[in-house]
Structures are given as structure tokens and as C-alpha cells.
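Chain by chain, the residues:
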Amino acid sequence: REGAEARRGVVLGAQAEPRRVILGTDAILDRMRVPGLQRKRNYASRWQELMPLADAVFRDLSERAPSMPADYILDQTNVYPRARARKAAPFAAR
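Let us look at the structure shown here. Here the structure is a predicted model, which is why all the values come from computation and not from measurement. (Residues numbered from 1 in each chain as written. Predicted model: local features only at pLDDT ≥ 70, side-chain atom pairs only at ≥ 80, totals over all residues. Heavy atoms only, no water.)

Structural notes on the packing of aromatic side chains
The cut-off we apply is this: Ring pairs are drawn from Phe, Tyr and Trp, using the six-membered ring of Trp, whenever the two centres fall within 6.5 Å, and their geometry is named by plane angle: stacked under 30 degrees, edge-to-face over 60, tilted for the rest. Strands here mean DSSP runs of E at least two residues long; helices mean DSSP runs of H or I at least four residues long; both are numbered from the N terminus. Think of it in three bands: with a 1.4 Å probe and only protein chains considered, a residue is buried below 20% of the maximum accessible area for its type, exposed above 50%, and partly exposed in between.
In the structure shown here, the tally under the stated rule is one aromatic pair. Ring centres 5.6 Å apart and planes at 50° place the aromatic pair Tyr72 and Phe91 in the tilted group. With Tyr72 in strand E2 (residues 71-74) and Phe91 in helix H5 (residues 81-92), this pair connects stretches of sequence that are 19 residues apart. Pair check on accessibility: Tyr72 and Phe91 agree, each one buried.

Overview of the environment of Arg84
Within the fold, Arg84 resides in helix H5. Its relative accessible area of 48% is what places Arg84 among the partly exposed residues. Here the alpha-carbon distance between Arg84 and Leu74, two residues 10 residues apart in the chain, equals 8.9 Å.

Details of the nonpolar core
We count it as follows: Throughout, nonpolar core names a set of buried Ala, Val, Leu, Ile, Met, Phe, Trp, Tyr and Cys residues whose side chains join them through atoms within 4.5 Å. It only takes one pair of heavy atoms within 4.5 Å for two residues to be counted as in contact.
The biggest cluster of nonpolar side chains holds 11 residues, and these are Val21, Leu23, Ile28, Leu29, Leu50, Ala54, Phe58, Ala65, Ala70, Tyr72 and Phe91. Elements represented by at least two residues in this core include exactly strand E1 (20-23), helix H2 (25-32) and helix H4 (47-64). When residues in this core are grouped by element, the largest group, three residues, is from H4. Ignoring any residue separated from it by four or fewer positions in sequence, one finds Leu23 in contact with Phe58, Leu61, Ser62, Ala65, Tyr72, Ile73, Leu74, Asp75 and Phe91.

Thoughts on the pattern of salt bridges
The condition that has to hold: What counts as a salt bridge is simple: a side-chain nitrogen of Lys or Arg found within 4 Å of a carboxyl oxygen of Asp or Glu.
Enumeration over the complete set of coordinates arrives at two salt bridges. The salt bridge partner of Asp55 is Arg59, with a shortest N-O separation of 3.1 Å. In this pair, Asp55 and Arg59 are both assigned in helix H4, four residues apart and thus about one turn of the helix distant. Residue classification places Asp55 among the partly exposed residues on the basis of a relative accessible area of 31%. Of the residues examined, Arg59 reaches a relative accessible area of 46% and is grouped as partly exposed. With a closest N to O distance of 3.4 Å, Asp60 and Arg64 form a salt bridge. Of this pair, Asp60 and Arg64 both sit in helix H4, four residues apart, which is roughly one turn of that helix. Residue Asp60 is classed as partly exposed on the basis of its relative accessible area of 32%.

Concerning the side chain of Ser62
Mapped onto the secondary structure, Ser62 falls in helix H4. With a relative accessible area of 16%, Ser62 lands in the buried category. Those residues in contact with Ser62 that lie beyond four places of it in its chain are Leu23 and Phe91.

Here is the structure:
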């Protein structure tokens, strides 16, 4: 860790909590939603447009993530075992 958080950990003598990031299309869609609208109404007509965007963002983040210091949770539902292994492979080298 860098900056004030690292210094605070040293000053207090505490172990800094590792940063955890959830990578998944559902988490990305939650970031794209309009605050205050129910999920059903929020995505109703835009689902066909949002899903390809969320998938592209997920692919980009999953390529960048292995080089960034954090703990990652790959949240991909209904994924075949071979696809799951392929998505997790870049993180195994860390």
C-alpha cells in the first residue's frame, strides 16, 4: 500500500486490510444502473445494449487485474469449468 493508508498502518501497528475487488458482469451492471430505479425497470429496454458493454468492461478489467495489487473475486455465474479455469489462469501466476 502507498500513501496515507500505509503510514496509518505503520503508525497504528496494524496490518492493513487487503483490498478486495469483485470482477463480474453483475457488479459492472450495478455500477451502470440509475440510482433510485428498481433493477427491473432500470434495465428493461436497455438490457440488449448494456450486456455487451458490461462484457467488454469485464474482459478489459480481467486483463488488467492480474498486474494490480488486490485480492480479486471472479463472480461469473453459469460458467463452464473450462471457461472458469481460463478466466482464473492469469491470477494463478501471482
